[in-house]
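Okay, here's what each chain looks like letter by letter:
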Amino acid sequence: MEKARRELARLMRKPVALDVTKARLTEVAPLQGKSGEGYQGMAIWGDWVVSCQNQGYVTLYRLPGMKKVSSTFSLGSCAKTNHANVAAFGTEYYKQGDSMPVLYVSQAYPKTVGGEKDVCYVERILPEGRAETVQRIVFDDTDHLYGYALQWTVDREHQRLIGLGNTISNDDARNCFRIITFQLPKLSDGPVVHLRRSDADACYLIQTTDPRYPHQVVGQGACVKDGCLFMPTGFGSEKAPSILYVWDLNKRKLRHIIDLSKELNKVEMEDIDFYQGDAYIQTNGRGMLKLGPLYK
């Protein structure tokens, strides 16, 4: 448990300056998950990498060499209706002695399942290659704020759960991109937590405060580091190029637009997280990539 506390303290250190001017994209390693299922959410804790695939299949690796350390296994929430589109670690441990805090996984499925939609599954990941769902967080979107599907990530520093997604769809010119934030629910809040707009700390459209963010964009993964929301987008195509947007959550403006369309032609970025100051990007097409250095 002491090791886990030290790791959390390391993550909470005073941020250093974000600088993208010298960042370069390099290949780290291929991915070795379940054949036939696309790679989706990914999160890093210490030197652990949790690589998710469609339906909720998971493979564990260890950095810096991306050594595969588990067979591919299923999340507790594994189902055809779980896209497992984004993954992010929280700060709570399900049990004392666990190697990793609980993992927040975005369902990102466009239809209602069992009366619930826009679910965030909270998973306990065990290093021997096993998982169990310990909580479901459900956004009750009675105001119809989101269109296709809501994605979730975690701001560990400020204990916030952040929802993001399109208001209509990627192809609609009237579409906008909305961010909504909540206090991160506790595991002690129970096995199912329902959130509503009235519970939110913030709810706004990106385009309202910074029109540089396009209306027709394909959102992929997301992670928060030092007050910034890192959002990989696109399919790696001419119509939907691979671009990484860096959004300042406090000032509500774009800090950086990192165009990776040439390097990632026909390569789809999925999710993103950080290891030793570099951004690691899980892709469909080129495995795990590293973008860095990003911090002075």
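Summary of the structure given here. (Residues numbered from 1 in each chain as written. Predicted model: local features only at pLDDT ≥ 70, side-chain atom pairs only at ≥ 80, totals over all residues. Heavy atoms only, no water.)

**Some remarks on the overall build of the chain**
At step 1: Regarding its fold elements, the chain presents two helices and 22 strands.
At step 2: Scaling as 2.2 N^0.38, a compact globule of 296 residues should have a C-alpha radius of gyration of about 19 Å, and the chain matches this with 18 Å.
At step 3: Along the first, second and third principal axes, the C-alpha set of the chain runs to 50 × 45 × 40 Å.
At step 4: Contacts in the chain between residues far apart in sequence, at least 24 positions, make up 52% of those at least 6 positions apart.
At step 5: For the chain, the exposed surface amounts to about 12900 Å²; the carbon and sulfur share of it is 46%. (Helix = DSSP H or I, 4+ residues; strand = E, 2+ residues; numbered from the N terminus. Rg over C-alpha atoms; globule rule 2.2 N^0.38 Å. Contact = heavy atoms within 4.5 Å. Areas by Shrake-Rupley, 256 points an atom, 1.4 Å probe, with all protein chains shown as cover.)

**Thoughts on the sheet that holds strand 11 (residues 151-155)**
At step 1: Read across the sheet, four strands follow the order 11-12-13-15 without closing on themselves; strand pairing throughout is antiparallel. Edge positions in the sheet fall to strand 11 and strand 15 (202-205), since each has one partner strand and no second. In this sheet, neighbouring strand axes are inclined to one another by 20° on average, regardless of whether the strands run parallel or antiparallel. (Pairing = 2+ DSSP bridges. Axes fitted to C-alpha atoms, helices over the stretch in contact; angles between N-to-C directions.)

**Some thoughts on the environment of Met66**
At step 1: Along the polypeptide, Met66 turns up in the loop between strand 4 (57-62) and strand 5 (67-68).
At step 2: Met66 gets classed as buried once you look at its relative accessible area, which sits at 3%.
At step 3: Along the sequence, Met66 and Ala29 sit 37 residues apart, while their C-alpha atoms lie 6.5 Å from each other.
At step 4: Other than its neighbours up to four places away in sequence, Met66 contacts Val28, Ala29, Leu31, Val49, Tyr61 and Met288. (Buried < 20%, exposed > 50% of the residue type's maximum accessible area, 1.4 Å probe, protein only.)

**Digging into the pattern of salt bridges**
At step 1: Per the counting criterion, the structure on display carries 14 salt bridges.
At step 2: Ionic pairing is found between Arg124 and Asp98, a salt bridge with its closest N-O pair at 2.9 Å. You can see Arg124 sitting in strand 9 (residues 119-126) and its partner Asp98 sitting in the loop between strand 7 (87-89) and strand 8 (103-106), a full 26 residues away along the chain. Accessibility assignment for this pair places Arg124 and Asp98 in one class, buried.
At step 3: A salt bridge links Asp210 to Arg212, with the nearest nitrogen and oxygen atoms 2.8 Å apart.
At step 4: Note on Asp210: relative accessible area 6%, which makes it buried.
At step 5: Sharing partners across several salt bridges, the network here consists of Asp98, Arg124 and Glu132. (Salt bridge = Lys/Arg side-chain N within 4 Å of Asp/Glu carboxyl O.)

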